Structure formats: structure tokens, C-alpha cells
Amino acid sequence: MLVSVTLFLWAATGVNGYSVTTKNAEVQVRENEGTDLTCTYSGDFGSEARVEWKFKDLGGSQTYVVFNGQPTQPYSSRVTIYGSNIRFSKMTPKDTGVYDCEVSGNGQFGETRVKLTVLVPPSMPVCRVPPTVTTGKTAHLSCHDNIGSPPPKYRWYKDGTLLPPDPSKISGFKNATYHLNTENGNLEFPRVTKMDSGQYYCEAYNDAGPPQRSKEAKMQVRDINTGGIVAGVIVALLLLALLGFGLWYAHKKGYLPKKDER
């Protein structure tokens with residue numbers, strides 16, 4: 001029991017060595033600029049400690065940046081090593097992800113992680129707005145940019161007026177029925193009304209640069225075309241009547257075979 005308590009206190013107070021740390025666990029750098037990723041480890045690993053750097057991108061793919069004391073081929077032209085740290089001369093959007101510094105020596109292993117974000121301003125987002133929607137139907141409007149880093153958020157405008165993310169909190173929008181997702185850029189009207197007709201556009205924004213605005217598009221909400229429906233029904237009935245008359249006339253003139261002949 002005494003041994004267990006001693007081991008617990010030893011770990012909790014940090015007496016145990018073999019520590020690996022970094023000066024900056026979250027790094028942000030603009031596209032085409034350089035940056036340093038730092039890694040420091042305790043002397044317990046020994047003078048022959050092995051240091052490796054691994055990178056995992058946003059899609060989960062993992063690769064070595066430094067292996068066996070040297071930058072790997074994809075990074076050899078823009079990564080230099082000083083001590084256990086690495087320096088990038090130029091960053092690209094594909095470098096966004098997490099970097100693990102792994103240290104092993106004297107039979108022990110330790111690691112530290114650096115989260116790196118390459119800042120890229122958004123481009124002009126692609127905005128999709130249905131040109132016409134029937135009253136009472138659902139309308140989906142979408143806005144997306146795949147360039148910005150970190151991934152941008154989105155704002156929507158109708159007739160030049162900014163739509164609040166939560167209309168229930170704004171007195172002038174309490175009767176609005178839309179749902180706006182600022183994370184993925186979707187704007188949804190569960191049941192559109194005539195008042196939802198208008199000119200719409202969206203904006204993509206992040207911390208890397210100025211917001212970018214999409215092209216404006218018009219959405220027209222129309223009532224159900226009851227006149228067209230009635231006209232269609234009348235035309236269908238007339239066609240059925242003509243078909244019936246044609247069969248009767250053909251039978252009367254003997255154009256159709258009689259039952260005995262069949």
C-alpha cells in the first residue's frame with residue numbers, strides 16, 4: 001500500500017523524467033510564410049535519443065516529416081532540422097494538421113503534439129439558390145468555399161439585409177421561419193411564404209483575410225397554379241371523351257371485330 005501511494009505521488013508531482021514538451025502547441029502561419037515547430041525533451045532519454053516528427057493531415061493520412069535524423073523526401077526542400085526542432089521555409093494549405101514529435105531512448109518513449117493551421121483567406125463562395133419555389137414547400141439554399149483555412153463560416157443576406165443566425169432573438173425577424181447554419185452555410189426554409197421572395201447572397205469569412213461575397217441570386221415564391229391544374233384535368237377528360245367516342249364510332253362502323261369473329 002505504501003509503495004502504491006509513493007508511486008502515485010511520484011507521478012502526480014512530475015518527479016518522473018522522460019518528458020517531451022513544446023514551446024507552442026498551437027501554431028498559425030500564413031500561406032507561403034515559414035515557421036518553427038519546437039520539441040524539447042529531458043536528459044533522461046540519453047545523449048543518443050532518437051527524435052522523429054510525424055504529420056497527420058485533416059483527412060487522417062499520416063506521414064513522416066523527419067525519419068532517421070533526416071527530412072523525408074516530400075519535405076527535404078523546405079524543412080531544416082536544428083536540434084530536435086524543425087523549421088519550414090514555406091507553408092502550403094496542405095500542411096494544416098497535427099505534428100507529433102516522438103522521442104525514444106534508454107528504453108523509454110515520449111511525445112508532444114503541435115497543431116498547425118495555415119491561414120488562407122476564403123475565395124468567392126459558390127451560392128445555390130432555387131429560382132422558383134411553391135408556397136408551403138421546403139427551400140434549400142447553400143453556400144460553400146473549399147479554399148479558406150481555417151474552414152470559413154458563413155453569413156446570408158436577403159435584399160441587402162443581414163439575416164441573423166437566430167431570428168427568434170431579433171424583434172424584426174420573429175416571424176421568420178428559416179434555419180441558418182453558420183458552420184456549413186446552409187439556409188433552409190421549411191415552409192416558404194410569399195414574403196421569402198427576394199435577392200439572396202452569402203459571405204464566407206475567417207481570420208485569415210477579408211470576407212468574400214457570392215453572386216446575388218433571386219428566389220421567387222409562387223402560389224400553387226390552381227388554374228393550370230384545372231386546365232390539365234379538363235384536357236385529360238376531353239381526351240378520355242374523344243377516346244371513348246372514337247371507340248364507339250369504330251364499333252358502330254364495323255371497324256372493330258365482332259365478338260364471334262374474335
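Residues numbered from 1 in each chain as written. Predicted model: local features only at pLDDT ≥ 70, side-chain atom pairs only at ≥ 80, totals over all residues. Heavy atoms only, no water.

As annotated in an unreviewed UniProt entry, the chain carries the name Junctional adhesion molecule A and is attributed to Solea senegalensis. Recorded in UniProt under Sequence similarities (unreviewed entry), the annotation for the chain is "Belongs to the immunoglobulin superfamily." The annotation that UniProt attaches to the chain under Subunit (unreviewed entry) is "Interacts with the ninth PDZ domain of MPDZ. Interacts with the first PDZ domain of PARD3. The association between PARD3 and PARD6B probably disrupts this interaction. Interacts with ITGAL (via I-domain). Interacts with CD151." (UniProt positions renumbered as here; feature names shortened; annotations may be inferred.)

A separate point is the state of the cysteines. One pass over the full model with this rule turns up 2 disulfides. Covalent S-S linkage joins C39 and C101, the inter-sulfur distance amounting to 1.9 Å. Taking the torsion about the sulfur-sulfur bond, which here is approximately -75°, the covalent link between C39 and C101 counts as left-handed. On the criterion of sequence distance, the pair formed by C39 in the loop between β3 (35-37) and β4 (40-41) and C101 in strand β10 (residues 97-105) is long-range, its members being 62 residues apart. Classification of C39 as buried rests on a relative accessible area of 1%. The side chain of C143 participates in a disulfide bridge whose partner is C202; the two sulfur atoms lie 2.0 Å from each other. Between C143 and C202 the disulfide shows an S-S torsion of about 75°. By sign, it is right-handed. (Disulfide = S-S within 2.5 Å. Helix = DSSP H or I, 4+ residues; strand = E, 2+ residues; numbered from the N terminus. Buried < 20%, exposed > 50% of the residue type's maximum accessible area, 1.4 Å probe, protein only.)

Here we come to the layout of surface pockets. As a volume, the largest pocket reaches approximately 390 Å³. Classifying every residue of the lining of the largest pocket gives 7 nonpolar, 6 polar and 4 charged. (1 Å grid on protein atoms, 1.4 Å probe; cavity = no way out; pocket = protein on both sides within 12 Å on 5 of 7 lines; lining within 4 Å. Points joined across faces, edges and corners; volume = space filled by probe spheres on them. Nonpolar A, V, L, I, M, F, W, Y, C, P; charged D, E, K, R; others polar.)

Looking now at the packing of aromatic side chains. For the structure on display, the rule yields 9 aromatic pairs. Taking 5.2 Å as the distance between ring centres and 85° as the angle between the ring planes, the aromatic pair formed by Y18 and F45 counts as edge-to-face. Taken together, the residues Y18 in the loop between α1 (2-12) and β1 (20-21) and F45 in the loop between β4 and β5 (50-57) connect sequence positions 27 residues apart. Among the aromatic side chains, those forming a connected cluster through ring pairs are F55, Y75, F88 and Y99. Positioned over the ring face of Y205 is R155, at 4.1 Å from the centre of the ring. (Phe/Tyr/Trp six-rings, centres within 6.5 Å; stacked < 30°, edge-to-face > 60°. Lys NZ or Arg CZ within 6 Å of the ring centre and 35° of its normal.)

Now for a nonpolar patch on the surface. There is a patch of nonpolar side chains on the surface, built from V235, L239 and L242 and spanning about 310 Å² of accessible area. Mapped onto the elements of the fold, L242 is located in helix α2 (residues 226-252). Taking the relative accessible area as the measure of exposure, L242 reaches 58% and is therefore exposed. (Patch = residues over 30% accessible without salt bridge, like charges linked within 9 Å, V, L, I, M, F, W, Y side chains within 5 Å. Areas by Shrake-Rupley, 256 points an atom, 1.4 Å probe, with all protein chains shown as cover. Salt bridge = Lys/Arg side-chain N within 4 Å of Asp/Glu carboxyl O.)

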